[in-house]
Amino acid sequence: MIDYNTFFHDCISSIKNENRYRIFQNIERSSDIFPKAFRDVNNIKQEITIWCSLDYLGMATNKTIIQVIKTSLDKYGIGSGGSRNIAGNHNQHLLAEAALANLHKKDSALLFTSGYIANQATIIALGKILPHCVFLSDEENHASIIAGIRHSGCQ
């Protein structure tokens with residue numbers, strides 16, 4: 001019989017001893033001052049700058065984008081109701097895909113929930129449809145690429 005409390009305590013202790021244990025900063029973001037934010041240091045709010053944002057174009061704080069999203073929330077609610085396989089296509093997704101395809105002068109486009117999922121799903125799909133597919137990769141690739149290769153079943 002495994003003593004799970006001891007087992008997991010030892011695992012966490014090992015991670016801490018290897019300096020791999022992470023404690024995430026709690027921050028308070030505001031669309032009015034992006035990329036600035038605040039963190040609490042001994043009950044004092046300290047202003048910080050977020051240098052690692054994936055919001056390259058500043059769309060997360062763009063007043064026009066925020067208003068369009070508010071209008072969309074009022075009209076359509078939150079969420080798609082499930083995956084496309086289960087709940088069907090949401091018309092707004094189809095319109096967004098058509099606009100992206102048009103922007104990039106392509107026949108069609110497909111929305112993904114993130115770049116990570118796009119990479120992973122694409123690599124898995126390629127591995128399944130390309131006969132004798134072999135991926136050449138190393139540990140320096142993004143985790144999404146490595147996960148895609150692992151799940152593809154390819155060498």
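Values in this document were obtained by computation on a predicted structure and should not be read as measured data.

K.L.:
Now, about the overall build of the chain: what can you tell me, with residues and values included?
P.N.:
Each helix and strand counted, the chain has 6 helices and 3 strands in total. Compactness check: the chain gives a C-alpha radius of gyration of 22 Å against a globular reference of 15 Å for 155 residues, more than 25% above the reference. With the C-alpha coordinates of the chain rotated into their principal frame, the extents come out at 55 × 55 × 35 Å. When contacts within the chain are restricted to residue pairs at least 6 apart in sequence, long-range pairs at least 24 apart make up 25% of them. Carbon and sulfur atoms make up 57% of the accessible area of the chain, which totals about 13,200 Å².

K.L.:
Lay out the pattern of salt bridges in plain terms, naming residues and giving numbers.
P.N.:
Counted according to the given criterion, the structure contains 4 salt bridges. For R20, the salt bridge identified is with E18, shortest N-O distance 2.6 Å. For E18, a relative accessible area of 44% puts it in the partly exposed group. We note a salt bridge from K45 to E28, for which the minimum N-O separation is 3.2 Å. Here the residue K45 occupies a position in strand β3 (residues 44-49), and E28 occupies one in strand β1 (residues 27-29), the gap between them amounting to 17 residues. A relative accessible area of 52% places K45 in the exposed class.

K.L.:
Could you give an account of the layout of surface pockets, with specific residues and numbers?
P.N.:
Vacant regions in the atomic arrangement are exposed by a probe of water-molecule size rolled over the atoms. Size it by volume and the largest pocket reaches roughly 380 Å³. Together, 13 residues line the largest pocket, and V68, I69, S72, Q92 and A96 are the ones closest to its centre. Considering every element that reaches the lining of the largest pocket, the biggest residue donor is helix α2 (residues 63-76), with 6 residues. Counted as a void, the second largest pocket has a volume near 210 Å³. Around the second largest pocket, the lining residues are R84, H93, L110, L111, F112, T113 and I117.

K.L.:
Before we move on, could you go through the sheet that holds strand β2 (residues 36-41) and cite the residues and values that matter?
P.N.:
Across the sheet, which stays open at both edges, the 3 strands sit in the order β1-β2-β3 with antiparallel pairing between neighbours. Every other strand in the sheet has two partners, leaving β1 and β3 as the edge strands with one partner each. This sheet shows a mean twist of 30° between the axes of neighbouring strands, independent of strand direction. The sheet contact formed by β1 and β2 spans 3 bridges and is antiparallel. Across the sheet, R29 pairs through a bridge with A37, a residue of β2.

Rules used in this analysis
Residues numbered from 1 in each chain as written. Predicted model: local features only at pLDDT ≥ 70, side-chain atom pairs only at ≥ 80, totals over all residues. Heavy atoms only, no water. Helix = DSSP H or I, 4+ residues; strand = E, 2+ residues; numbered from the N terminus. Rg over C-alpha atoms; globule rule 2.2 N^0.38 Å. Contact = heavy atoms within 4.5 Å. Areas by Shrake-Rupley, 256 points an atom, 1.4 Å probe, with all protein chains shown as cover. Salt bridge = Lys/Arg side-chain N within 4 Å of Asp/Glu carboxyl O. Buried < 20%, exposed > 50% of the residue type's maximum accessible area, 1.4 Å probe, protein only. 1 Å grid on protein atoms, 1.4 Å probe; cavity = no way out; pocket = protein on both sides within 12 Å on 5 of 7 lines; lining within 4 Å. Points joined across faces, edges and corners; volume = space filled by probe spheres on them. Pairing = 2+ DSSP bridges. Axes fitted to C-alpha atoms, helices over the stretch in contact; angles between N-to-C directions.

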